[in-house]
Protein chains: 2
Amino acid sequence: MRATIREVAREAGVSASTVSRALSTPEMVNDATRERVLRAADRLGYAPNRAARGLITGRTGNLGLIVPDLTNPFFPSVVKGVQAKAREADYAVFLADTDEDPAAEIGLVRVLAKQVDGLILCSPRAPEEEIRELTEHTTLVMVNRRFGNLPSVVFDNAEGVRQAIAHLQALGHQRVAWVGGPRTSWSTRDRMRAMRAATSAAGMDLYVAGHFPPYFEGGVAAADLVIASGVTSVIAYNDVMALGLLSRLRDRGVDVPHDISVIGIDNIQMSAMSSPALTTVSLVKEQAGRAAVDLLLALLLQPDSVRNTRRELPAQLLVRGSTGVARTT
Amino acid sequence: MRATIREVAREAGVSASTVSRALSTPEMVNDATRERVLRAADRLGYAPNRAARGLITGRTGNLGLIVPDLTNPFFPSVVKGVQAKAREADYAVFLADTDEDPAAEIGLVRVLAKQVDGLILCSPRAPEEEIRELTEHTTLVMVNRRFGNLPSVVFDNAEGVRQAIAHLQALGHQRVAWVGGPRTSWSTRDRMRAMRAATSAAGMDLYVAGHFPPYFEGGVAAADLVIASGVTSVIAYNDVMALGLLSRLRDRGVDVPHDISVIGIDNIQMSAMSSPALTTVSLVKEQAGRAAVDLLLALLLQPDSVRNTRRELPAQLLVRGSTGVARTT
DNA sequence: GGGGTCGATGCAATCCTTTGCAGGAGTTGT
DNA sequence: ACAACTCCTGCAAAGGATTGCATCGACCCC
């Protein structure tokens, strides 16, 4: 049904090799010939068979993207960025969702690895050991996790948290709580470190509420601990959890921001829509996706060029209604 | 690097054909031989090269999924369902996002069609004409759109809207507004029809606010029209828009549900988290994704078996805080 | 004018798997 | 004991594109 390279060759009066070259290495073929080939290809609606090409080149023209949970609005944005950039480079993207399960993550990488040229792991939860092993057979780029000298795209959590803490301090807060995400998440650890550093530099008290699932319910669950701790402000691992906090605080009759100021991280769409609107550390999510694809493609072209490259993307505090002057009790 | 079928053959002391058969048509090969082959394959970590297989069978083992906007929480849920079901059947899923652009949609189908065995179009916006043309070269399943006798998965919008209207009527509402989604969306038209039918059957007045972008901002934009229309209740095309309505109504000092009751459709996670929580028509989104894959795989196996199959999934009203007794002015 | 160079093109092998066909071994029936 | 089967396995072709190598003509320069 679909035209093959041979038919184009016949139509253009050349050999298949010439057609192939006219399309993939145009400078190797005479101008007039190339023109003729291109017209013939166009006339027949020819597009190379990717399976056949992949068979001989060993490349598939596909990328894989693995995320822990698509229903967390952070990830669809990254996916969009990956998609857009990949499409520009004529790559297609396999998407897989692990449901926050580190074991599923490893399994998916193994399965997907055979069908792609490279993989982007977004917020991977798998243990270091497993990931190290994967890197031996697979071209990987990590988003939201640093790991050895693997190429990675991360956000400047330290700066984001610093801005958030500075903001709280300016509002007179002295005690701040930290509501962490999954224990296995690198971002959780990184942000927690940043919290420790920033609060200690600012001379503020830090209350660590612990680790919670990165869902609305996780924030809900953390809220009571936060209230009991007596802090006047709280920073959550991500916006979804911060919204959970907001919800439970309201239910408990705690006024935000009057009694407690709340700050999230990610700047998901919904954070602008809550009431009060959520003050948050804004991350350029789509850009992270695009940067990851950039890195991956560079890595595929010349494996050594970007080894050990770490892109760090900016984080910027966005002040909205959920933070205010500290209560004075 | 990766083992080929020949190596397995040598290892097992048989020919490549036998290995192939042992793996894909086990009943054609002697028990003992098969056992030997399987062990050899296992020892070498053999997995068939999909490109080579695809080259000869003409099948890729891939599915494509096209959605209009991943950042609308409705779609990630569908994607999850598609993923899960596809993975069970050992298919991988290409995902593409059209940014609500019907032209991009057609383009993506064309591109993706070559790399997959079949495509799932989720809430497709493209004009009928174009879609009809696509069906000639491509195996398609539609979600959220009926089209000729193409296999499709849709929700029982009529029932969902009927329940919503009955609920409003029971609360004493006489006038209800409808805030529509994109003009090109089949769901918008279907739900609008359902609104006409249900309100007329119930003897209620219907105010059609028009078509709006299916985003939070669309709901915001519609809110003032709704207020001005004097209705006591409003149903929005989806939850995201309903949340936009909620937000703008609050800004305008209109109390929900006291002054106006608001109902959404989809039951996205966020709808439970707004304040007041959103009354909504709940849709089984993941199930829609799974059903679409079911249909598509059946279609690939025996093209005639499910031609003209339409799966209709239930819609169920979920009452929360955003609806209440009609004001009496 | 002949040897050398260069640019453009074709030939043929190759990637890995699947599958139609044929053949060999063993079994059954007569 | 032979024909007719059955069951299992191997041979070889096929699928479509890429690419190293060879070829061929043209052109240049001495």
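Each remark here, short or long, concerns the structure printed above.
Residues numbered from 1 in each chain as written. Chains lettered and ligands numbered in written order. Predicted model: local features only at pLDDT ≥ 70, side-chain atom pairs only at ≥ 80, totals over all residues. Heavy atoms only, no water.

Asks: Is there a simple way to explain the pairing of strand S10 (residues 279–283) of chain B in this structure?
Replies: The two faces of a sheet get side chains in turn, since along a regular strand they alternate between them. Residue and element names in this part refer to chain B. Within S10, 5 of the 5 residues are buried, which leaves the element mostly enclosed by the surrounding structure. Judged by which residues are buried, S10 turns out to be covered on both faces: Thr279, Val281 and Leu283 on one side and Thr280 and Ser282 on the other are all buried. Of the pairings in the sheet, the one linking strand S9 (residues 261–266) to S10 comprises 4 bridges and is parallel in character. Paired with Asp266 across the two strands is Ser282, which belongs to S10. Taken together, the 4 bridges between S10 and strand S12 (residues 315–318) define a ladder with antiparallel strand orientation. Paired with Leu283 across the two strands is Ala315, which belongs to S12. (Buried < 20%, exposed > 50% of the residue type's maximum accessible area, 1.4 Å probe, protein only. Helix = DSSP H or I, 4+ residues; strand = E, 2+ residues; numbered from the N terminus. Pairing = 2+ DSSP bridges.)

Asks: Before we go on, may I ask you to explain the sheet that holds strand S6 (residues 175–180) of chain A in this structure?
Replies: Sheets are built from strands that pair by backbone hydrogen bonding, the pairs being arranged parallel or antiparallel. Residue and element names in this part refer to chain A. Overall, mixed pairing links the 6 strands, which are arranged S7-S6-S8-S9-S10-S12 in an open sheet. Of all the strands in the sheet, just strand S7 (205–211) and strand S12 (315–318) have a single pairing partner and so form its edges. Between one strand axis and the next, the sheet turns through 20° on average, direction left out of account. Inspection of the sheet shows S6 paired to S7 by 6 bridges, in the parallel sense. Residue pairing across strands places Val179 opposite Gly210, the latter belonging to S7. (Axes fitted to C-alpha atoms, helices over the stretch in contact; angles between N-to-C directions.)

Asks: Please clarify how the pattern of salt bridges should be interpreted in this entry.
Replies: Any two side chains of opposite charge can pair, given that their charged atoms come close. Applying the stated criterion across every chain, the model contains 33 salt bridges over all chains. In this structure, Lys80(A) engages Asp99(B) in a salt bridge whose closest nitrogen and oxygen atoms are separated by 2.6 Å. A residue pair is termed interchain when its members come from two chains, as with Lys80(A) in helix H5 (residues 74–88) and Asp99(B) in the loop between strand S2 (92–97) and helix H6 (102–113). One continuous salt-bridge network, built from bridges that share partners, spans Asp69(A), Asp97(A), Asp99(A) and Lys80(B). (Salt bridge = Lys/Arg side-chain N within 4 Å of Asp/Glu carboxyl O.)

Asks: Before we go on, may I ask you to explain the protein's contact with DNA strand C in this structure?
Replies: Neighbouring DNA strand C are 24 residues; Thr18(A), Thr33(A), Ile5(B), Arg6(B) and Arg53(B) lie closest to it. Ser17(B) places a side-chain nitrogen or oxygen 3.4 Å from a base oxygen of DNA strand C. Of all the elements in the fold, those that place two or more residues in the surface near DNA strand C are helix H2 (16–24) and helix H4 (50–57) of chain A together with helix H1 (5–12), helix H2 (16–24) and helix H4 (50–57) of chain B. Considering each element in turn, the surface near DNA strand C owes the most residues, 4 residues, to H4(B). Grouping the constituent residues of the surface near DNA strand C by class yields 10 nonpolar, 10 polar and 4 charged. (Near = heavy atom within 4 Å. Polar contact = N/O pair within 3.5 Å; in protein donor to acceptor, adjacent residues only side chain to side chain. Nonpolar A, V, L, I, M, F, W, Y, C, P; charged D, E, K, R; others polar.)

Nothing here speaks to function; it is all geometry.
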